[in-house]
Amino acid sequence: MGLSSALPWDALGSEGATKGAGMEVGRGVSPGGARSGGCVRILLPPRIPVGTSAALQPRSSAVPSAPALAALPMASERASPAPAHDAARRRRRPGHKMAAERQGGRGGGGGVAEENKENERPAGPQAGGLGDSLGLEILQIVKESQQQHGLRHGDFQRYRGYCSRRLRRLRKTLNFKMGNRHKFTGKKVTEEILSDNRYLLLILMDAERAWSYAMQLKQEANTEPRKRFHLLSRLRKAVKHAEELERLCESNRVDAKTKLEAQAYMAYLTGMLRFEHQEWKAAMEAFNKCKTIYEKLANAFTEEQAVLYNQRVEEISPNIRYCAYNIGDQSAMNELMQMRLRSGGTEGLLAEKLEALITQTRAKQAATMSEVEWRGRTVPVKIDKVRIFLLGLADNEAAIAQAENEETKERLFESLLSECRDAIQAVREELKPDQKQREHSLENDSGKVSNIQYLHSYLTYIKLSTAIRRNESMAKSLQKALLQQQRSEEDGKRTPRPQDLIRLYDIILQNLVELTQLPGLEEDKNFQKEIGLKTLVYKAYRCFFIAQSYVLVKKWSEALVLYERVLKYAREVQSGAGAYTNSLKELPDVQDLITQVNAEKYSLQASAILDANDTHETESPSQVKDGKPLSERFETFCLDPSLVSKQVSLVHFPPGFQPIPCKPLFFDLALNHVAFPPLEDKVEQKAKSGLTGYIKGIFGFKS
């Protein structure tokens, strides 16, 4: 009696995976039904394409042992053939696979590679290891996924698509599908089936997908406020998944580190939800719990492993301070403002709220501010935006002075200039309807500008002065780079040039010209004198770097003249700076410039002499070539290597033009002495035939 059955595959995860395996074992029965002796015939399964999930691949293709063959069921007990729609589904499978790979490539690239990655278990202790515990590096997985799939550029939609694709791959790998294409069957991960840490990863990806959708809606809610309701709904969904993850991690199968990370993740999402609901006390408690857990984890591991935990703590700290301020802690506001000023701006969840909070706080202080004094004149300030800007001006300047590096300082300068432009625009809007009134006030007050115009001049002065200080700071950093020019060349970086500094000083001089033309300051002689001295200082530095650029191209005469011009400007500043010493303190010291110019002059003269000697040595009279061909310098001895080359210069070719006599010109002098015959008789004959000829012409008669 023949024996035929399907081999059991230990790696098959579902009943449907065994269909169409095409593997049979027969004893003495051939496929055609005839006996073939006592042999065992194995029909190997069809070749599975690369990239198919490992759940559909056998762990071993070896021939089963005799006990396994003995335990096989009879041929009559085998499963019935697959129905027709199953065969059609198998025929369509390659096309579905290609479509899935194309979809994965569009979402984040590497559809096959990402699917194969799900066959590997995430980092952490595995079941069956030491202590038979499961582990999952929650924060590490979240951070790596976010950085690699869109969040480095703030693209939450791309990250959400990645989470969806990874969820689909995980469910396929774990055979944890939610029904089929026709019917949805909900499943929940329970403690009983928690045999693989990828079940925990499944819930984590659910929470990340909901969170990323909420952050995407938060960006869109700036222009579409109705999306805020959907944002809160998705955040609640993320918290629900985080609670489920925390509940599963309470199992004895999960290690202690994963339990703590799950609690911290749950607290973080809860804090964000309460933060959006403006429930400050509950949000602060959740953030504090999250911060405490991550600090404990950072202290328990090495420095390399603690970096991620410390970064998360730094992200949470501004949110905690903001919640504390809204609860009533006034000291938290000062810490938030200092943090914003040091970093040049805040990023993330707190950015918009912190800016609104700072503006609100300054607005409360601005209610008590009614006027400002500048250069001996008091001007009332009635525009709220201008009040807020003037109140924050001192804080911004203090932050610029305390900036640790040039990048932070430049960012703070840009922020201050942007706020100043907004304030100037608000004043301009007030100036437009008051144009006629201002012109009338100018006539009555004998040229004295109105208060609103004077306030506009003050704000413009702040803007131009800030731009000058920013460009001067950039010029100082470039000067330091010029001193380290040789090292920069060795490092392969772009070497700064004096031309870069010339451009900066041109902009500074242009700003100074605009300062002298501000309305209301034309008659202020002290102001004009002060701006004139500053102009001389920056002109001296501009001439100095122009001279430096001429030195680089070995134009010694031009450089020497410019150095003399620098000394002239510097002496004028020293002679006229007696009463304006305090206003010139912030400017570069011209005495240092004079010392540097004198040293450069001596160096320039020495370089010019050496360059002249080198020229005489390399171009001796016996080797000078004046470009004349050999036919024109027979009387002069000259060593010309080109005479023995293929391009020897013997004569000028083509030859030059030479003057020759012109072709004689013919002048008809007799024309002036010729008398032409009279034509009066012919003219009179035409006159006689006036009307008669007209009539004859009408009727066609000829004379």
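Coordinates for the structure precede this section.
Throughout what follows, the structure given in this document is the object of discussion. (Residues numbered from 1 in each chain as written. Predicted model: local features only at pLDDT ≥ 70, side-chain atom pairs only at ≥ 80, totals over all residues. Heavy atoms only, no water.)

## What about the overall build of the protein?
Point 1. Scanning the protein for helices and strands turns up 23 helices and five strands.
Point 2. The burial tally for the protein puts 37% of its 703 residues in the buried class.
Point 3. Counting contacts in the protein only where the partners sit at least 6 residues apart, residues at least 24 apart contribute 65% of the total.
Point 4. Total accessible area computed for the protein in this model is approximately 43800 Å², and 52% of it derives from carbon and sulfur atoms. (Helix = DSSP H or I, 4+ residues; strand = E, 2+ residues; numbered from the N terminus. Buried < 20%, exposed > 50% of the residue type's maximum accessible area, 1.4 Å probe, protein only. Contact = heavy atoms within 4.5 Å. Areas by Shrake-Rupley, 256 points an atom, 1.4 Å probe, with all protein chains shown as cover.)

## Quick look at a nonpolar patch on the surface
Point 1. Residues Leu-643, Val-644, Val-648, Leu-650, Val-651 and Phe-653 make up a contiguous nonpolar surface patch of about 610 Å² in total accessible area.
Point 2. Looking at the secondary structure, you find Leu-643 in the loop between helix H21 (590-618) and helix H22 (680-688). (Patch = residues over 30% accessible without salt bridge, like charges linked within 9 Å, V, L, I, M, F, W, Y side chains within 5 Å. Salt bridge = Lys/Arg side-chain N within 4 Å of Asp/Glu carboxyl O.)

## Some details on the pattern of salt bridges
Point 1. Taken as a whole and assessed by the stated rule, the structure comprises 17 salt bridges.
Point 2. One salt bridge connects Lys-257 with Glu-137, and the closest N-O pair in it is separated by 3.0 Å. Note that Lys-257 is positioned in helix H8 (residues 256-276) and Glu-137 in the loop between helix H3 (111-117) and helix H4 (138-148), a separation of 120 residues in sequence. As far as burial versus exposure is concerned, Lys-257 and Glu-137 are alike and both buried.
Point 3. Where Asp-506 meets Arg-542, a salt bridge forms, and the shortest distance between an N and an O atom there is 2.4 Å. Of this pair, Asp-506 sits in helix H18 (residues 498-516) while Arg-542 sits in helix H19 (residues 525-552), placing them 36 residues apart in sequence.
Point 4. For Asp-506, a relative accessible area of 27% gives the class partly exposed.
Point 5. The exposure class assigned to Arg-542 is partly exposed, which follows from its relative accessible area of 26%.
Point 6. Bridged by salt links that share partners, the residues Lys-143, Arg-312 and Glu-315 form one connected network.

## A closer look at the packing of aromatic side chains
Describing an aromatic ring pair means giving the distance of the ring centres and the angle of the ring planes.
Point 1. Applying the stated criterion to the full structure yields 19 aromatic pairs.
Point 2. Between the aromatic rings of Phe-156 and Trp-211, the centroid separation amounts to 5.8 Å while the plane-to-plane angle is 75°, which identifies the pairing as edge-to-face. Here Phe-156 is found in helix H5 (residues 156-174), whereas its partner Trp-211 is found in helix H6 (residues 197-220), with 55 residues between them in sequence.
Point 3. A relative accessible area of 15% means that Phe-156 is categorised as buried.
Point 4. Judged by its relative accessible area of 8%, Trp-211 falls in the buried class.
Point 5. Look at Tyr-159 and Tyr-162: their rings are 6.2 Å apart centre to centre, the planes differ by 25°, and that puts the pair in the stacked class. Of this pair, Tyr-159 and Tyr-162 are both found in helix H5, three residues apart, which corresponds to roughly one turn of the helix. (Phe/Tyr/Trp six-rings, centres within 6.5 Å; stacked < 30°, edge-to-face > 60°.)

## Describing the packing of helix H13 (residues 384-401) against helix H14 (residues 406-431)
For any two helices packed against each other, the geometry comes down to the angle between their axes and how far apart the axes lie.
Point 1. Viewed as axis vectors pointing N to C, H13 and H14 meet at an angle of 165°, and their least axial separation amounts to 10 Å. Between H13 and H14, the interaxial angle falls into the category roughly antiparallel. As for the relative orientation of H13 and H14, their crossing is left-handed in sense. Between H13 and H14, the contacting residues are Lys-385, Val-386, Phe-389, Leu-393, Asn-396, Ala-399 and Ile-400 on the first element and Lys-409, Leu-412, Phe-413, Leu-416, Glu-419, Cys-420, Asp-422, Ala-423, Ala-426 and Val-427 on the second.
Point 2. By residue class, the composition of the contact of H13 with H14 is twelve nonpolar, one polar and four charged. (Axes fitted to C-alpha atoms, helices over the stretch in contact; angles between N-to-C directions. Parallel < 35°, antiparallel > 145°, perpendicular 65-115°, else oblique. Left-handed = near helix turned anticlockwise from the far one by under 90°. Nonpolar A, V, L, I, M, F, W, Y, C, P; charged D, E, K, R; others polar.)

## Overview of helix H20 (residues 556-576)
Point 1. Between its terminal C-alpha atoms H20 stretches 31 Å, which fits the 30 Å expected from 21 residues at 1.5 Å a residue.
Point 2. Buried within H20 are the following residues: Trp-556, Ala-559, Leu-562, Tyr-563, Val-566, Leu-567, Tyr-569, Ala-570, Val-573 and Gly-576. (Expected span 1.5 Å × (residues − 1).)

## Overview of the nonpolar core
Point 1. Counting residues in each nonpolar core, the largest one holds 70 residues, and the members touching the most others are Val-386, Phe-389, Leu-390, Leu-455, Leu-459 and Leu-515.
Point 2. Listed by contribution, the elements that provide at least two residues to this core are strand E4 (371-374), H13, H14, helix H16 (451-483), H18, H19, H20 and H21.
Point 3. A per-element tally of this core places H19 first, with twelve residues.
Point 4. In this view, Phe-389 contacts Leu-416, Glu-419, Cys-420, Ala-423, Leu-459 and Ile-462; residues no more than four positions away in its chain are not counted.
Point 5. Of all hydrophobic cores here, the second largest spans 64 residues; its members include Ile-141, Phe-156, Leu-248 and Phe-275. (Core = buried A, V, L, I, M, F, W, Y, C linked by side-chain atoms within 4.5 Å.)

## What to know about the pairing of strand E5 (residues 377-380)
Point 1. By the alternation rule, side chains of E5 split into Arg-377 and Val-379, which are all buried, and Thr-378 and Pro-380, of which none is buried.
Point 2. Sheet topology note: the E4/E5 ladder contains four bridges and is antiparallel. In the strand pairing of E5, Val-372 is matched with Val-379.
Point 3. Between E4 and E5, which pair antiparallel one after the other, the connecting turn spans two residues, and Arg-375 there sits at a positive phi close to 50°. (Pairing = 2+ DSSP bridges.)

## What about the environment of Val-590?
Point 1. The topology assignment puts Val-590 in helix H21.
Point 2. For the pair formed by Val-590 and Arg-571, sequence separation is 19 residues and the distance between their alpha carbons is 8.5 Å.
Point 3. Ignoring sequence-local partners within four residues, the contact set of Val-590 consists of Val-537, Ala-570, Val-573 and Gln-574.

## Side note on unusual backbone geometry
Point 1. The omega torsion of the bond from Phe-653 to Pro-654 falls at -5°, within 30 degrees of zero and hence cis.
Point 2. Tracing the sequence through the fold places Pro-654 in the loop between H21 and H22.
Point 3. A positive phi is found at Arg-375, a non-glycine position, where the angle reads about 50°.
Point 4. Tracing the backbone through its elements, the reader meets Arg-375 in the loop between E4 and E5.
Point 5. With phi around 60°, Lys-554 is a residue other than glycine that occupies positive phi space.
Point 6. With respect to the secondary-structure elements, Lys-554 resides in the loop between H19 and H20.
Point 7. Accessibility expressed as a relative area gives 53% for Lys-554, which makes it exposed.

## Some points on H14
Point 1. With 26 residues, H14 extends 37 Å between its outermost C-alpha atoms, agreeing within 8% with the 38 Å of an ideal straight helix rising 1.5 Å per residue.
Point 2. Taken together, the buried positions of H14 are Thr-408, Leu-412, Phe-413, Leu-416, Leu-417, Cys-420, Ala-423, Ile-424, Ala-426, Val-427 and Leu-431.

## Considerations on a positive patch on the surface
Point 1. A surface patch of like charges, here positive, comprises Lys-188, Lys-237, Lys-240 and Arg-247.
Point 2. Mapped onto the elements of the fold, Lys-188 is located in the loop between H5 and H6.
Point 3. Of the residues examined, Lys-188 reaches a relative accessible area of 66% and is grouped as exposed. (Lys, Arg positive; Asp, Glu negative; His and termini not counted. Charge placed at Lys NZ, Arg CZ, Asp CG, Glu CD.)

Everything listed here is a matter of geometry and, on its own, says nothing about what the molecule does.
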